[in-house]
Amino acid sequence: MTIFPTKKVIEVKDLHVHFYTYAGVVKAISGVSFEIYEGETFCLVGETGCGKSVTSRALTRLIESPGRIVKGRIIFYRDSGPVDIMTLSEEELREIRGREIAYIFQDPTAALDPLYTVGYQIAETMVAHRTADWREAFRKAINILKSVIMPDPERRVKNYPHELSGGMRQRVVIGVSLSNRPKLLIADEPTTNLDVTIQAQILDLLRKLKKNEQMTLLLITHNMGVVAEMCTRVAVMYAGKIVELGPVIDVFKDPRHPYTRGLLRAVPNPLGKVERLESIPGTVPNLIYPPPGCRFHPRCPYMMEVCKSKEPPMVDLGEGRKVACWLYVK
């Protein structure tokens, strides 16, 4: 039996996010709920377009027009006490963004301003949140680059983003996110645009930094190998919903939802023998007109009549495992 810490860092309750487009209303997130606990690495995994990144951005209300959070509560447990992110003013949110909750985004080139040196951009984050003055911030910027294992940090701190390789730029982005020692670090596909060797280096760096800084990490990925290597607990998303949640080792050894089984059959499973890799038949549904009932039922080999008309409840299986599937409803 896996034992997890009980002190919550953030709690999401019945989150709904819609995008209002000319083609119709895209129901990107529908009823997502989960908790992340202090010191763990929690992972959101699923196919491209399932809502992972939208969920992570919603945690600090970074949903831009035409998107809107239409329902839900996001409780962030600050040192001073819990607050509902949905009720905070923009000024109060700016105190949390970048200081207590920080992001590592997919594309380091887009995340960095080409007009300023990387040292300035790291220092600016500390000055903006009043954790250091400019002189101290520039001094700390060099130490931060050392902590993310940047070669020759005294020289690189004066470089502009275009003068660095992709792996170096991602290290700078990680350094910016760590500059104020956040309580929760959100890494949104941090290795997507990097080659395999650099991917391994960045993941190893995140693992070491998490341990040294005693942070809580939310990792967004579609790579099941990354989930197995990095995470404590995993939430599997499909078409804007969480369909399975539990400790990583339990989910990999004994996946309960048909979609999770399909995902694990499609990739080599480090915790189980796979005779032959298989793809999941069918395609991801259009979220303007999602299928009624269970959103996975058009692709599910275990489909029953009830799956076509009624949405399955989230069933608590015990020991931290939950699954949204009619197969487990008594």
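Before any of the text, the structure's been laid out above.
What counts as what
Residues numbered from 1 in each chain as written. Predicted model: local features only at pLDDT ≥ 70, side-chain atom pairs only at ≥ 80, totals over all residues. Heavy atoms only, no water. Phe/Tyr/Trp six-rings, centres within 6.5 Å; stacked < 30°, edge-to-face > 60°. Helix = DSSP H or I, 4+ residues; strand = E, 2+ residues; numbered from the N terminus. Buried < 20%, exposed > 50% of the residue type's maximum accessible area, 1.4 Å probe, protein only. Salt bridge = Lys/Arg side-chain N within 4 Å of Asp/Glu carboxyl O. Axes fitted to C-alpha atoms, helices over the stretch in contact; angles between N-to-C directions. Parallel < 35°, antiparallel > 145°, perpendicular 65-115°, else oblique. Left-handed = near helix turned anticlockwise from the far one by under 90°. Contact = heavy atoms within 4.5 Å. Nonpolar A, V, L, I, M, F, W, Y, C, P; charged D, E, K, R; others polar.

Colleague: Looking at this structure, how should I read the packing of aromatic side chains?
Modeller: The geometry of two aromatic rings is summed up by the distance between their centres and the angle between their planes. Applying the stated criterion to the full structure yields eight aromatic pairs. Ring centres 5.1 Å apart and planes at 25 degrees place the aromatic pair Tyr120 and Trp134 in the stacked group. Here Tyr120 is found in helix 4 (residues 118-128), whereas its partner Trp134 is found in helix 5 (residues 134-147), with 14 residues between them in sequence. Residue class for Trp134 comes out partly exposed when judged on its relative accessible area of 36%. A ring pair is formed by Tyr259 and Phe296, whose centres lie 5.4 Å apart and whose planes are at 65 degrees; its orientation type is edge-to-face. Here Phe296 lies in the loop between helix 11 (258-265) and strand 11 (314-318) and Tyr259 lies in helix 11, a separation of 37 residues in the sequence. Across the pair, exposure class does not vary: Tyr259 and Phe296 are buried alike. By way of ring pairs, the aromatic residues Tyr116, Tyr120, Trp134 and Phe138 are connected into one cluster.

Colleague: Just checking my understanding: could you explain the pattern of salt bridges for this structure?
Modeller: Opposite charge on two side chains lets them pair, provided their charged atoms get close. Evaluation of the coordinates by the stated rule reveals 25 salt bridges. As a salt-bridge pair, Glu136 and Arg139 come within 4.0 Å of each other at their nearest N and O atoms. Placement of the pair is Glu136 and Arg139 together in helix 5, with a separation of three residues, close to one helical turn. You can call Glu136 partly exposed: its relative accessible area is 27%. The shortest N-O distance in the salt bridge between Glu229 and Arg207 comes to 2.6 Å. Taken together, the residues Glu229 in helix 9 (residues 224-230) and Arg207 in helix 8 (residues 196-213) connect sequence positions 22 residues apart. Within the structure, one salt-bridge network assembled from shared partners comprises Asp204, Arg207, Lys208 and Glu229.

Colleague: I would appreciate a short explanation of the packing of helix 4 against helix 7 (residues 166-178) in the present structure.
Modeller: Across the interface, helix 4 lies against helix 7 with an axial gap of 8 Å and an inter-helix angle of 20 degrees. What the angle tells us is that helix 4 and helix 7 run roughly parallel. With respect to the hand of their crossing, helix 4 and helix 7 are arranged in right-handed fashion. Only Val172, Gly175 and Val176 of helix 7 make contact with helix 4, whose side of the interface consists of Val118, Gln121, Ile122 and Thr125. The residue makeup of the contact of helix 4 with helix 7, split by class, is four nonpolar, three polar and no charged.

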